[in-house]
Each structure stands twice: as structure tokens, then as C-alpha cells.
Amino acid sequence: AKEHALEQERQLYLKSNQKTYATLRMGILRRLIKRPEAVDTRDVGIDGQYTARKQNIILESGQLALLDSLVMTQEQQTLHGYPTSIPEPSDALLVDHRQCDRCSNRYMIRDNHNSACTFHWSRMRSDKRDGQKIRLYRCCGQEKGSPGCSTGPHVFKLSDFSDLHTFVPFTRLSKTEKPMRLMALDCEMAYTEAGMELIRVTCLDHNGNIKLDELVKTQYPVLDLNSKWSGITSLETATKDLDDIKQQLSGLIDQTTILLGHGLENDLIALRLVHDSVIDTAQLFPHPTGLPFRYALRELSKQHLHRFIQDSSAGHDSKEDAMTCL
């Protein structure tokens, strides 16, 4: 370990200068922290030379039987905000105003523009100043009630299933010949003129192999790609839309397939899917104070897997999130 540490420092010294040393050092440290626990000599090596072994998550017959006992009931799905039936359409397309999901102000849709909204993009944290407990925004360090530090267009998020169905309809998967037993799923979404739409979907089998990983074209114009959280900065290379994705999924899974994810109702809403068999790690590991509070996936990963995830400034990685759920 000492020899590796010295060699790592030597390599860092050769690749950096006084200005870049700290940044490169933190990058190396993050990657070291995210490594799985070493089992033998194949699991060691300095950053840049270490190659991770492929992680096979093999489910034995007893574990497969256990999966059924973890599937949420329809009552649990309803409690956690899942769509459980195809809704009726609403008059959502006729609405001429919305409430911004960022600044909470109401705005006229026709008056929206790229700098209409001033907001704080991060959550708040607790701190102490002169012995007093205060709340500060993580993004800029300003106190609660301070003017926003970022600007952008007003954006909104629909929650009513009928409104969601009006913009982009919900469907159910049809039966397929050889459906997968289990699929881990994670999606990334962007703000559009229809609220939030799917822009990336990643699906893994029970061994962690990628079965589907695609950027997705939105049906409505994009207002904000939500890059700080989605990790997506452009959809220029996207070639498939939601209908194409559902067509691909229909060849892999059907209603008998168990879908696995964290806060999976958000992913199914983005996919506009009503699905009966789901396992949700947010429900399996509930917050002690109950709903609406939930543990973040990164917190569960740290507690139960001793791994750090979602620590990149580039946003979430949907493959990493799906693998963590597995």
C-alpha cells in the first residue's frame, strides 16, 4: 500500500503543476473512493493503471423467489405516487399560465423567456453564524430569502396524471415471448414545454449488463436540459423518441417483468408506463420519519454498500444509479 501511495503521488507530480495539482488530486481521490472493496491482488493498483473487474450480480433461484415478495402492492404504489391505471385526458393544453418549479412564481406561458426566472439551483444547508443557527443555499452561500444566484426560463412540473396523459399519453406494455425476469431502470429528464420529459434511459439485466442505454428526443421544445442533475448537455446525437424506446422495451419486457429502481414512479412517469410489478429501493429502505421524506440513493449506497455515488459535478450517471439499485 505504501509503495502504491508513493507511486500515485509521483504520477500526480509528473502530470500536474502548481495550478492543476489540487483539482487532479481530488479527481483521483473520488475515483479511489468509488472502487469496490479489494478481494485479492487483482483489485489493487494506482489510478490510471487499475482496471475494475466486471461485477456479476448473479441471482440464484432462492433470490429470484425472494424478488416476488419485494414487489410493491397496488396500495403501496398509490401511496408512493405511481400511476396505476390509464388516466382520462384533461384540459391541460388550454392553460395559459403555470407555476415555476424553481422560483415558485406564477407566470404567463407566452411571456416566458431565457432570463425570466431568477432562482437558487441547490438545496439549503444548516450553518452557524455568531452562535445562531442559519440556513444557507449550497450554490452561493446566501441566506434563506436572498435573491436567486442563477437565471433561466421559467419551468414547470406536472403532477396530475390526467394532465401528464394529455401532453404525452400513458400506455401499458404488451406481452412478449421471452420477457426478462428483472430489469433495473433509471431515467434522466429535462424541462420542456410539456413539463418534464425523458431524455435518457438506461436498463440493466440482473447481471448488470446494459440492455438499453439511449438519449431520447423530446416531443416538445426543450426549456432546460437540467444538466446539473441529468448530466446531459446536448441531445444532438439522440436518434430515438419515446415511441422508439417503448418499441425497444416491448421486445425485452412485459407486465410480468419486475422493474427495479429508486423513486421508480418518476421514471415510469417519464416513460409514460403503467406497470404492475415494481421494486422500489425508496420503499424498501424507508425514511424513519415516513413519507414524504425519503433517503436519497447516494445515502443508501453509502450506508449499505459503503460506496460513494452521484459525486460528480457533471451530474448523475443513470447506469451508476441503476447498478446501485441492483
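Keep in mind that this is a model prediction, so the values were computed, not measured. Every chain's residues receive numbers from 1 upward, in the order its sequence appears when written. Under the rules for a predicted model, residues below a pLDDT of 70 receive no local features and side-chain atom pairs below 80 are neither given nor counted, while totals for whole chains, interfaces and linings still include all residues. Derived side-chain values reflect all non-hydrogen atoms in the structure, with water molecules and hydrogen atoms excluded from consideration.

Peer 1: Whenever I open this one, the pairing of strand β7 (residues 182-192) confuses me. Can you help?
Peer 2: The side chains of a regular strand alternate between the sheet's two faces. For each residue, the accessible area found with a 1.4 Å probe, counting protein chains only, is set against the maximum for its type, and the residue is called buried under 20%, exposed over 50%, and partly exposed in between. Strands are runs of DSSP state E lasting at least two residues, helices are runs of H or I lasting at least four, and both sets are numbered from the N terminus onward. Of all 11 residues in β7, 11 are buried; the element is thus mostly enclosed. Here β7 shows a buried face lined by Leu182, Ala184, Asp186, Glu188, Ala190 and Thr192 and a second buried face lined by Met183, Leu185, Cys187, Met189 and Tyr191. Pairing analysis gives three bridges linking β7 to strand β12 (residues 258-261), with the strands arranged parallel. Residue pairing across strands places Ala184 opposite Leu260, the latter belonging to β12. Strand pairing is defined by DSSP finding a minimum of two bridges between the two strands. Between β7 and strand β8 (residues 195-204), which pair antiparallel and follow one another directly, the connecting turn spans two residues. Taken together, the two bridges between β7 and strand β10 (residues 222-224) define a ladder with antiparallel strand orientation. The residue bridging Thr192 from the neighbouring strand is Val222, located in β10.

Peer 1: Got a minute to help me understand the pattern of salt bridges in this structure?
Peer 2: Once the charged atoms of two side chains with opposite charge are near each other, the side chains can pair. In the sections that follow, a salt bridge refers to a side-chain nitrogen of Lys or Arg positioned within 4 Å of a carboxyl oxygen of Asp or Glu. Inspection of every chain in the model, using the stated rule, returns 10 salt bridges. Here Asp68 ties to Arg181 by a salt bridge, and the two come within 3.1 Å at their closest N and O atoms. With Asp68 in helix α3 (residues 61-70) and Arg181 in the loop between α5 (161-167) and β7, this pair connects stretches of sequence that are 113 residues apart. Note on Asp68: relative accessible area 46%, which makes it partly exposed. In this structure, the salt-bridge partner of Arg129 is Glu143, at a minimum N-O distance of 2.9 Å. On the criterion of sequence distance, the pair formed by Arg129 in strand β4 (residues 124-129) and Glu143 in the loop between β5 (132-137) and β6 (150-152) is long-range, its members being 14 residues apart. Overall, the relative accessible area of 38% leaves Glu143 in the partly exposed class.

Peer 1: Before we go on, may I ask you to explain the environment of Ile253 in this structure?
Peer 2: Relative to the helices and strands, Ile253 is located in the loop between α7 (242-250) and β12. With 176 residues separating them along the chain, Ile253 and Gln77 place their C-alpha atoms 20 Å apart. We call two residues in contact whenever any of their non-hydrogen atoms come within 4.5 Å of each other. Ignoring anything within four residues of it in the chain, the contact list for Ile253 reads Leu173, Ser174, Thr176, Pro179, Met180, Met183 and Leu259.

Peer 1: For this particular structure, what's the right way to read a nonpolar patch on the surface?
Peer 2: Residues enter patches when they are more than 30% accessible in relative terms and free of salt bridges; like-charged ones are connected within 9 Å and nonpolar ones (Val, Leu, Ile, Met, Phe, Trp, Tyr) within 5 Å. Per-residue accessibility takes into account occlusion by the displayed protein chains alone, with areas from the Shrake-Rupley method and a 1.4 Å probe. A surface patch of nonpolar side chains, about 320 Å² in accessible area, is lined by Met26, Leu29, Ile33 and Phe308. Note on placement: Ile33 falls in helix α2 (residues 21-33).

Peer 1: I tried to follow the packing of aromatic side chains on my own but got confused; where do I start?
Peer 2: In this description, a pair of aromatic rings is defined by centroid distance and the angle of the planes. Think of it this way: a Phe, Tyr or Trp ring, Trp meaning its six-membered ring, pairs with another when their centres are within 6.5 Å, and the plane angle makes it stacked under 30 degrees, edge-to-face over 60, tilted otherwise. Evaluation of the coordinates by the stated rule reveals three aromatic pairs. For the pair Phe161 and Phe170, a centre-to-centre distance of 6.1 Å together with 85 degrees between the ring planes defines the contact as edge-to-face. Judged by its relative accessible area of 27%, Phe161 falls in the partly exposed class. Summarising the aromatic geometry, the rings of Phe167 and Tyr220 are spaced 5.6 Å apart at their centres and angled 75 degrees between planes, so their arrangement reads as edge-to-face. With Phe167 in helix α5 and Tyr220 in the loop between β9 (210-217) and β10, this residue pair connects regions lying 53 residues apart in the sequence.

Peer 1: Explain the side chain of Arg200 to me, please; I cannot follow it from the model alone.
Peer 2: Tracing the backbone shows Arg200 in strand β8. A residue is classified by how much of its surface remains accessible, and Arg200, at 16% relative accessible area, is buried. With near-sequence residues (within four places) excluded, Arg200 lies in contact with Asp186, Cys187, Glu188, Asp213, Glu214, Leu215, Val216, Ile232, Asp317, Ser318 and Lys319.

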